[in-house]
Amino acid sequence: MQERQRVYIQEVSVRDGFQIEAKFVPTEQKIELINALSRTGLAKIEVTSFTSPKAIPNLADAEAVMSQIDRMPGVVYAALVPNVRGCERALACNVDEINLFMSASRTHNLANIRMTPEQSLEQFQKVADFTGDKAMLNASVSTAFGCPFEGEVPADRVMDLIQRYVDMGIQGVSLCDTTGVANPTQVRELCERVRKRWPSLLLTLHFHDTRAMGLPNVMAALSAGVDRFDASLGGLGGCPYAPGASGNVCTEDMVHMLEAMGYDTGVALEPLLDIARLLPEIVGHEVPGQVMKAGPYTRRYPVPESVKGM
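Residues numbered from 1 in each chain as written. Predicted model: local features only at pLDDT ≥ 70, side-chain atom pairs only at ≥ 80, totals over all residues. Heavy atoms only, no water.

Looking at an unreviewed UniProt entry, one finds the protein chain named Hydroxymethylglutaryl-CoA lyase, with Neopusillimonas maritima as its source organism. Looking at the protein chain in UniProt, the text filed under Sequence similarities (unreviewed entry) is "Belongs to the HMG-CoA lyase family." (UniProt positions renumbered as here; feature names shortened; annotations may be inferred.)

(A) Quick look at the overall build of the protein chain. For the protein chain, the helix and strand inventory stands at 13 helices and eight strands. Computed over C-alpha atoms, the radius of gyration of the protein chain comes to 19 Å, within 12% of the 19 Å expected from 2.2 N^0.38 for 310 residues, which places it in the range of a compact globule. Along the three orthogonal principal directions, the C-alpha set of the protein chain runs to about 75 × 45 × 40 Å. Looking at the protein chain as a whole, 54% of its 310 residues are labelled buried. Taking as baseline every contact in the protein chain between residues at least 6 positions apart, the subset at least 24 positions apart corresponds to 73%. Element-wise, carbon and sulfur atoms account for 51% of the exposed surface of the protein chain, whose accessible area totals about 13900 Å². (Helix = DSSP H or I, 4+ residues; strand = E, 2+ residues; numbered from the N terminus. Rg over C-alpha atoms; globule rule 2.2 N^0.38 Å. Buried < 20%, exposed > 50% of the residue type's maximum accessible area, 1.4 Å probe, protein only. Contact = heavy atoms within 4.5 Å. Areas by Shrake-Rupley, 256 points an atom, 1.4 Å probe, with all protein chains shown as cover.)

(B) Molecular detail of the packing of helix H5 (residues 106–113) against helix H6 (residues 117–131). Between H5 and H6, whose axes approach to 9 Å, the crossing angle comes to 65°. Contacts between H5 and H6 pair Arg-106, Asn-109 and Ile-113 from the former with Pro-117, Glu-118 and Ser-120 from the latter. Looking at side-chain class alone, the contact of H5 with H6 contains two nonpolar, two polar and two charged residues. (Axes fitted to C-alpha atoms, helices over the stretch in contact; angles between N-to-C directions. Nonpolar A, V, L, I, M, F, W, Y, C, P; charged D, E, K, R; others polar.)

(C) Geometry of helix H9 (residues 214–223). Every buried residue belonging to H9 is among Gly-214, Asn-217, Val-218, Ala-220, Ala-221 and Leu-222, and all of these are buried. Where H9 is buried, its residues contact strand E6 (172–177), helix H8 (184–197), strand E7 (202–207), strand E8 (228–231) and helix H10 (251–260). Residue Gly-225 follows H9 closely and has a positive phi angle near 95°.

(D) Region of the structure containing the pattern of salt bridges. Evaluation of the coordinates by the stated rule reveals 14 salt bridges. A salt bridge links Arg-277 to Asp-274; the nearest nitrogen and oxygen atoms lie 3.3 Å apart. We classify Arg-277 as partly exposed; its relative accessible area is 35%. Each of the salt bridges in this network shares a partner with another, and the network as a whole consists of Arg-4, Glu-259 and Asp-264. (Salt bridge = Lys/Arg side-chain N within 4 Å of Asp/Glu carboxyl O.)

(E) Geometry of the packing of aromatic side chains. Following the criterion strictly, the structure yields two aromatic pairs and no others. Taking 6.2 Å as the distance between ring centres and 35° as the angle between the ring planes, the aromatic pair formed by Phe-145 and Phe-207 counts as tilted. Taken together, the residues span a long stretch of sequence, with Phe-145 in the loop between strand E5 (136–142) and helix H7 (155–167) and Phe-207 in strand E7 at a distance of 62 residues. Across this residue pair, the class does not change: Phe-145 and Phe-207 are buried. The ring of Phe-130 is capped by Lys-134, whose NZ or CZ atom sits 5.6 Å from the centre of that ring. Above the face of the Tyr-8 ring, Arg-228 is positioned so that its terminal group lies 4.4 Å from the ring centre. (Phe/Tyr/Trp six-rings, centres within 6.5 Å; stacked < 30°, edge-to-face > 60°. Lys NZ or Arg CZ within 6 Å of the ring centre and 35° of its normal.)

(F) Local environment of helix H11 (residues 269–276). Listed as buried for H11 are Leu-269, Leu-272, Leu-273, Ile-275 and Ala-276. Taken end-on, H11 shows its buried residues confined to a sector of 160°, consistent with a single buried face. The elements touched by buried residues of H11 are helix H2 (27–38), H10, helix H12 (279–283) and helix H13 (291–294). (Arc of directions from axis to C-beta.)

(G) Quick look at the environment of Cys-176. As for its position among the elements, Cys-176 is in strand E6. Residue classification places Cys-176 among the buried positions, given a relative accessible area of 6%. What Cys-176 contacts, discounting residues up to four positions off in sequence, is Ser-140, Val-141, Ser-142, Thr-143, Ala-144, Phe-145 and His-206.

(H) Seen up close, the side chain of Asn-248. On the secondary structure map, Asn-248 appears in the loop between E8 and H10. Accessibility expressed as a relative area gives 3% for Asn-248, which makes it buried.

(I) The packing of helix H4 (residues 84–92) against H6, seen in detail. One way to put it is that H4 packs onto H6 with a least axis distance of 9 Å and a crossing angle of 30°. Here H4 is positioned roughly parallel relative to H6, judged by the angle of their axes. The way H4 lies across H6 gives a crossing that is right-handed. In contact with Val-84, Cys-87, Glu-88 and Leu-91 of H4, H6 contributes Gln-123, Lys-126, Val-127, Phe-130 and Thr-131. (Parallel < 35°, antiparallel > 145°, perpendicular 65-115°, else oblique. Left-handed = near helix turned anticlockwise from the far one by under 90°.)

In structure tokens:
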């Protein structure tokens, strides 16, 4: 029997999703949710963000959550940090991975974090120097496939940023389709370029489903040899610069698709669906995920009485 290809699913709902919700999810509920997610076989969970509580009040409990979750062997527990102070707080909580973030687009970077790309790179270097070998470093390239203000983002600009990351000793890079403008051809071409130039780089793709292109873009990245994907339970998340749009690619929908196609995600789908069905009550509204509502493709229904015996 041919061995199934491994694909690593990295959960971001409790950070990327919760940070923009209208209501604060209580600390105890976050911890319970993360502990449940840890038991499903996910490869990584981005637990929180060590930003200023004034900037993101929904994640003001970062220390409490990161310090109190149960750590499952084999699961990487990551946190987003904006600067050295955030990194110091994260390392004090023994995170496994520090995730840095900036935009390839100058305008989006200024709008999102009030820094130029050059200033962000200076912060990255300071965080890299401070972190040393205390945790793995991953850096995200937001608007890697297009900007809501500037439009097209040249692939060469993305490649130049990745080179800057690699020069700092950053081990992983996430290419992010921040407002869901990417298409499969574009995704495949950029991923092929990145993998050819840096074959040992841990490359993650982070898609939003703004225009219902999330899963097709996952397939395009897979065809280019990518095996790591961010996803968000229930499809939570989004971007303030794409108002009214769906959030990130839905975790359970992605796992369902990949497992149906014969890939090995390491994730137990049914327990994941059980957790996803709790989300509407937790966040106070319906969520975009489809498989949690329709059930997996293996679901069978009773034979209609009208056709029995025919």
